[in-house]
Amino acid sequence: MGCCGCISLLGYGIYRTFFDMSRLPEGKYLTESTSPDGAYTLKAYLSDGGATTGYAVRGELVFNKGNKEKNIYWNYKESSADIHWQGKDTVEINGHSLHVPNDVYDFRRE
């Protein structure tokens, strides 16, 4: 494997370890809200990073037809989740508006 292959593998490992939203900690259930048409449910969880980090909120979008789940929200230094649907495909979580199912908010990417 050449130098480019090693760098690519290292880059993928860093991404997978630190930035992949599918690997977020589960957390403690906070609340949930279902979209007006019943297609989605957004569940919010509180993650406690321990003594060295603050709380974070994870938002998990559940596709009610098909039972598929996807993390769409991850924000640090939050301990509650205020969820409001602004239509059948738009949800606001703690002031961050997301068009589901494609938009995501991850504080690490700002």
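Residues numbered from 1 in each chain as written. Predicted model: local features only at pLDDT ≥ 70, side-chain atom pairs only at ≥ 80, totals over all residues. Heavy atoms only, no water.

By the naming in an unreviewed UniProt entry, the protein goes by DUF5412 domain-containing protein and is assigned to Priestia flexa.

**Considerations on the overall build of the protein**
Note the following rule: Only DSSP runs of H or I reaching four residues or more are called helices, and only runs of E reaching two or more are called strands; each is numbered from the N terminus. Exposed residues in this analysis have more than 50% of their type's maximum accessible area, buried residues have under 20%, and partly exposed residues fall in between, with area computed by a 1.4 Å probe over protein chains only. Computed with a 1.4 Å probe, the accessible areas rest on the Shrake-Rupley method; for each residue, only the protein chains presented here act as cover.
A count of helices and strands for the protein gives one helix and eight strands. In sequence order, the protein lays out its α and β elements as α-β-β-β-β-β-β-β-β. Across the 110 residues that make up the protein, the buried fraction comes to 32%. For the protein, the computed accessible surface area is about 6800 Å², with 52% contributed by carbon and sulfur atoms.

**Quick word on the side chain of R58**
Rule in force here: Identification of polar contacts relies on pairs of N or O atoms within 3.5 Å, with a donor-acceptor requirement for protein atoms, meaning one able to donate a hydrogen and the other able to accept it, and with residues adjacent in sequence counted only if both atoms are side-chain atoms.
On the secondary structure map, R58 appears in strand β3 (residues 55–63). One polar contact links R58 to E60, side chain to side chain, over a distance of 3.2 Å.

**Overview of the nonpolar core**
As a reminder, the rule being used: Nonpolar cores are built from buried Ala, Val, Leu, Ile, Met, Phe, Trp, Tyr and Cys residues. Side-chain atoms within 4.5 Å join them into one set.
W85 and V91 are the most contacted members of the largest nonpolar core, which has 17 residues in total. For this core, the secondary structure elements donating two or more residues are β2 (40–48), β3, β4 (68–76), β5 (83–85) and β6 (90–93). Broken down by element, this core gets its largest block of residues, four residues, from β2.

**Here we look at the pattern of salt bridges**
Our working definition: We count a salt bridge whenever a side-chain nitrogen from Lys or Arg sits within 4 Å of a carboxyl oxygen from Asp or Glu.
Applying the stated criterion across every chain, the model contains two salt bridges. For R58, the salt bridge is made with E60, and the minimal N-O distance between the two is 3.2 Å.

**Describing the side chain of S35**
We count it as follows: Contacts between residues were defined by any pair of non-hydrogen atoms, one from each residue, lying within 4.5 Å.
As for its position among the elements, S35 is in the loop between β1 (28–34) and β2. Take S35: its relative accessible area is 3%, and that puts it in the buried class. Polar side-chain contacts of S35 include one of 2.9 Å to the side chain of D37. In this view, S35 contacts Y40, W85 and K88; residues no more than four positions away in its chain are not counted.

**Some words on the pairing of β4**
The line we're drawing: Think of it this way: DSSP has to see at least two bridges between two strands before they count as a pair.
Inspection of the sheet shows β3 paired to β4 by eight bridges, in the antiparallel sense. Residue pairing across strands places V57 opposite N75, the latter belonging to β4. Here β3 folds back onto β4, and the loop between the two strands holds four residues, one of which, G66, carries a positive phi near 115°. Here β4 pairs with strand β8 (residues 105–106) via two bridges, running parallel. Bridge pairing in β8 links W74 to D106.

**Considerations on the packing of aromatic side chains**
Just so we agree on the cut-off: Stacked, edge-to-face and tilted are the three classes for Phe, Tyr and Trp ring pairs, Trp counted by its six-membered ring, which pair at centre distances within 6.5 Å; planes under 30 degrees apart are stacked, over 60 edge-to-face, the rest tilted.
If you walk through the whole model with that rule in mind, you get five aromatic pairs. For the ring pair Y29 and Y45, a centre distance of 6.0 Å and an interplane angle of 75° mean the geometry is edge-to-face. Residue Y29 is found in strand β1, and its partner Y45 is found in strand β2; the two are separated by 16 residues along the sequence. According to the relative accessible area criterion, Y29 is partly exposed, its value standing at 42%. With centroids separated by 5.6 Å and ring planes inclined at 70°, the aromatic side chains of Y40 and F63 adopt a geometry described as edge-to-face. With a gap of 23 residues between them, Y40 in strand β2 and F63 in strand β3 connect regions that are remote in the sequence. For Y40, a relative accessible area of 11% translates into the label buried.

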